[in-house]
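Letter by letter, the chains look like this.
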Amino acid sequence: MQFRDLGAQYAVLKEGIDGAVARVLAHGRYINGPEVAELEKRLAEYVGVEHCVTCGNGTDALQLALMAWGAGPGDAVFVPDFTFFASGEAPTLLGATPVFVDVGERTFNLDPERLEEAVLYVEDSTDLVPKAVVAVDLFGLPADYPAIRKVCEKHGLLLLEDGAQGFGGSISGKMACSFGDISTTSFFPAKPLGCYGDGGAVFTDSDEWAALVRSYAVHGKGSMKYDNVRVGINSRLDTVQAAVLLEKLDAFDAYELDAVNKMAALYSNELADSGLTLPVVQEGFYSSWAQYTVQLSEGVDRTELQTRLKEKGVPTMVYYPKPMHKQDAFQDAYYCLDGCPTTGRLCETVLSLPIGPYCDSGDVEAVSCVLGC
Ligand SMILES: Cc1ncc(COP(=O)(O)O)c(C=O)c1O
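Residues numbered from 1 in each chain as written. Predicted model: local features only at pLDDT ≥ 70, side-chain atom pairs only at ≥ 80, totals over all residues. Heavy atoms only, no water.

Enumeration according to the criterion identifies twelve salt bridges in this entry. With a closest N to O distance of 2.6 Å, D18 and K14 form a salt bridge. Of the two residues, D18 and K14 both sit in helix α1 (residues 6-27), four residues apart, roughly one turn of that helix. Overall, D18 belongs to the partly exposed group, its relative accessible area being 29%. Several salt bridges share partner residues, and in doing so they unite D111, R114 and E117 into one network. (Salt bridge = Lys/Arg side-chain N within 4 Å of Asp/Glu carboxyl O. Helix = DSSP H or I, 4+ residues; strand = E, 2+ residues; numbered from the N terminus. Buried < 20%, exposed > 50% of the residue type's maximum accessible area, 1.4 Å probe, protein only.)

Below you can see the structure in the form of structure tokens.
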């Protein structure tokens, strides 16, 4: 069993993907070929926003968004304590100070009440200017945007949706990657919509920010590539990856998202009496199930369980073993209000199980069997 079976996906989509790649090799526009513009148009339509700007990866996408907003020294950027490193790395790289905020016990996502406490703390007790919130759609589930948006509006904060894991999710029919003032995603191969290398995208309704992101992504270009009006980076999605993504987007939209949700429902059914704490999806929310992550009871030996699962051919992962505020890289400058106890507990107890649109019920039964059901 694979943790995310990309080989099975390729076997199904091979003809279309091989043809799309061959077309790029034939026309030879490896950078900024026509597939890139076509993909940006399709992605913007899918998500329901005005602009999509593709780039080199999901980390650059976060950085580009924050560059467009001019985030830098003296700014506080609020980030969940339980996420992948890049969510806090991007603001830190630009000189802003990350303020780590605890997450919900069952959703794994930014807790809006803890967020407001952290904002008040920064306003009242530091010299930092609260600038933006990075809300992450962890494991595919959109963060609680209705509540987070209220906090942002009340305190004049920009909202950046880190949808690296969340593409395809939704809340009441509104798609992930449309909730932020700017939103981002990653096309890392194992993501809900992945390419065959690195890739990312930025989404926004703002003409001004989209233009700034396009400029920052190509060395701060002005009227053309050799007119440089600001210092930027070099971050592009190459044409081969765009061609692969166009093929994969069709399958994602037609059946993959639905299939992965069926797998998650099967897990939740099979594991209902397992004693594990299962992930929840709130009413009206829809997850793209980048991960199916359970929580073990405190005291259960996770490493021993992982070994037992591995012996039966079941790969598992621990996302994430360490709170952001404990990462050495942030020790020079960060805030974390109360030690983020929920994140601490999750880091000790979470375990992500194999899931994907090309798993079948036999896989779920095999995993559930080892987990004692
Ligand atoms: C939540 C989150 N943000 C950002 C990223 C960065 O994406 P990339 O690996 O494409 O740079 C990832 C990738 O794992 C992620 O999970």
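It is worth spelling out the environment of G72 at this point. Checked against the element boundaries, G72 lands in the loop between α3 (58-68) and β2 (75-80). Using a relative accessible area of 6% as the deciding quantity, one classes G72 as buried. Between the alpha carbons of G72 and L120 there is a distance of 20 Å; along the sequence they are 48 residues apart.

On to the packing of helix α2 (residues 34-47) against helix α8 (residues 239-270). Interhelical geometry of α2 versus α8 gives an angle of 30° and a closest axis separation of 8 Å. Our classification of the angle between α2 and α8 gives roughly parallel. Two packed elements cross with a definite hand, and for α2 against α8 that hand is left-handed. Residues E35, V36, E38, L39, R42, L43 and Y46 of α2 form the contact with α8, whose own contacting residues are T239, A242, A243, L245, L246, L249, D250, F252, D253 and L257. Here the contact of α2 with α8 is composed, by residue class, of eleven nonpolar, one polar and five charged. (Axes fitted to C-alpha atoms, helices over the stretch in contact; angles between N-to-C directions. Parallel < 35°, antiparallel > 145°, perpendicular 65-115°, else oblique. Left-handed = near helix turned anticlockwise from the far one by under 90°. Contact = heavy atoms within 4.5 Å. Nonpolar A, V, L, I, M, F, W, Y, C, P; charged D, E, K, R; others polar.)

Along any regular strand the residues' side chains alternate between the sheet's two faces. With four of five residues buried, strand β1 (residues 51-55) lies mostly within the body of the structure. In this sheet, strand β9 (residues 200-204) lies alongside β1 in antiparallel orientation, the contact comprising five bridges. Paired with V53 across the bridge in β9 is V202. (Pairing = 2+ DSSP bridges.)

Strand order in the open sheet made by the three strands is β7-β6-β10, with antiparallel pairing throughout. Every other strand in the sheet has two partners, leaving β7 (174-175) and β10 (285-286) as the edge strands with one partner each.

Before going further, it helps to examine the packing of aromatic side chains. The geometry of an aromatic ring pair is captured by two quantities: the separation of the ring centres and the angle between the planes. With the rule as written, the count across this model stands at 22 aromatic pairs. Between F82 and Y320, the aromatic rings sit 6.0 Å apart at their centres with planes inclined by 80°, giving edge-to-face as the arrangement. With F82 in the loop between β2 and α4 (86-93) and Y320 in the loop between α9 (302-311) and β12 (335-336), this pair connects stretches of sequence that are 238 residues apart. Y320 shares its class with F82; the two are buried. (Phe/Tyr/Trp six-rings, centres within 6.5 Å; stacked < 30°, edge-to-face > 60°.)

Here we come to the state of the cysteines. Summed over the entire model, instances satisfying the criterion amount to zero disulfides. Of all cysteine sulfurs in the structure, the one in C340 sits closest to C347, which takes part in no disulfide; the separation is 9.9 Å. (Disulfide = S-S within 2.5 Å.)

By the element assignment, K310 lies in helix α9. For K310, a relative accessible area of 66% puts it in the exposed group. It is 9.8 Å that separates the C-alpha atoms of K310 and M1, two residues lying 309 residues apart in sequence.

Now for a nonpolar patch on the surface. Together, L25, Y30 and I31 make up a nonpolar patch on the protein surface, roughly 310 Å² of accessible area in all. Looking at the secondary structure, you find L25 in helix α1. (Patch = residues over 30% accessible without salt bridge, like charges linked within 9 Å, V, L, I, M, F, W, Y side chains within 5 Å. Areas by Shrake-Rupley, 256 points an atom, 1.4 Å probe, with all protein chains shown as cover.)

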